[in-house]
Amino acid sequence: MRIDETDVAAEYAETGGAASAKVAAYLRDLILRDVLKPGARIRQEEIAERLGASRLPVREALRMLEAEGLTEHEPNKGARVPRLSMHELDVIYRMRERLEPVALAESLPQLDDDDLARLEDVQQRIERNTDLDEFLELDRAFHLGTYSGCHIDPLNAIVTRLWNSTQHYRRAYVALGGQDRMWVVNSEHRLLLDAVVRRDSPDAERFLEGHIRRTRIELGHHPSVFEGAP
């Protein structure tokens, strides 16, 4: 179910939290759930007023989110949600095609039976799911879960940042395909999960690269997704 901005603000107010981490959590949720869309301005005074906070934690929160790839600062204009051109997204996806298989290869030897059971559970939930927002959360949990054994912090940070920066476009891709195309996603996930369980790094890397590549190519066939991009 799509999040309602008013409801989130009310929930935040009930916690009584005004720290930068909680402001960041509030804004992160709005961005990842597409309430704040690419190009949307984030005005510090409005966020501070809505949450009953001072502007200092809002500024700190925006710096945190910028490091995560969820916001950017434009000189003389302030913060906004980044908006990617088709070419920028293509480049970011090609970065993902190269970096995420490395994270997966680093992760595989460290995954234990409990980790594999969690991945199986997430994939079963994906296969039963029909809600777009829930799919995006589960899909993120599935893929980042396969990388959870990677202990190379700079690599993990880059992978997460690239995931964050492409969230809106991943949502658009899934919405374009609808439920009729989910069998493709699930088939690719199953191939990947089978390779992970077998600890077959070459197969796992190959399946993952193809999975990411297919999304990149499909999005390139839909220029309307990028309308308004610089």
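Since the model is a prediction, treat every value here as computed from it, not as a measurement. (Residues numbered from 1 in each chain as written. Predicted model: local features only at pLDDT ≥ 70, side-chain atom pairs only at ≥ 80, totals over all residues. Heavy atoms only, no water.)

Novice: Which parts of the structure should I look at to understand the sheet that holds strand β2 (residues 72–74)?
Specialist: By way of backbone hydrogen bonds, the strands of a sheet pair with one another, either parallel or antiparallel. Strand order across the open sheet formed by three strands is β1-β3-β2, with antiparallel pairing between neighbours. Where the open sheet ends on each side, the last strands, each with one partner, are β1 (41–42) and β2. One ladder, built from three bridges, connects β2 with strand β3 (residues 78–80); its direction is antiparallel. Across the sheet, the residue bridging to Glu-72 is Arg-80, located in β3. (Pairing = 2+ DSSP bridges. Helix = DSSP H or I, 4+ residues; strand = E, 2+ residues; numbered from the N terminus.)

Novice: Hey, could you run me through the nonpolar core in this one?
Specialist: Among soluble globular proteins, nonpolar side chains are generally buried collectively. Leu-104 and Val-196 are the most contacted members of the largest nonpolar core, which has 39 residues in total. Tallying contributions element by element places helix α10 (residues 182–197) first for this core, with six residues. Ignoring anything within four residues of it in the chain, the contact list for Val-196 reads Leu-104, Leu-108, Leu-111, Leu-116 and Leu-119. Among the nonpolar cores identified, the runner-up in size contains 19 residues, and Val-23, Tyr-26, Ile-42 and Leu-70 belong to it. (Core = buried A, V, L, I, M, F, W, Y, C linked by side-chain atoms within 4.5 Å. Buried < 20%, exposed > 50% of the residue type's maximum accessible area, 1.4 Å probe, protein only. Contact = heavy atoms within 4.5 Å.)

Novice: What exactly am I supposed to notice about the confidence of the model for the protein chain here?
Specialist: The share of residues in the protein chain with pLDDT of 70 or more is 91%, and the mean pLDDT across the chain is 90. Confidence, expressed as mean pLDDT per element, reaches its minimum in the protein chain at helix α1 (residues 5–15) with 48 and its maximum at helix α6 (residues 113–128) with 98. For residues 10–18, every residue scores under 50 in pLDDT, and the model assigns this stretch 11 contacts once sequence neighbours within four places are set aside. (pLDDT = per-residue confidence, 0-100.)

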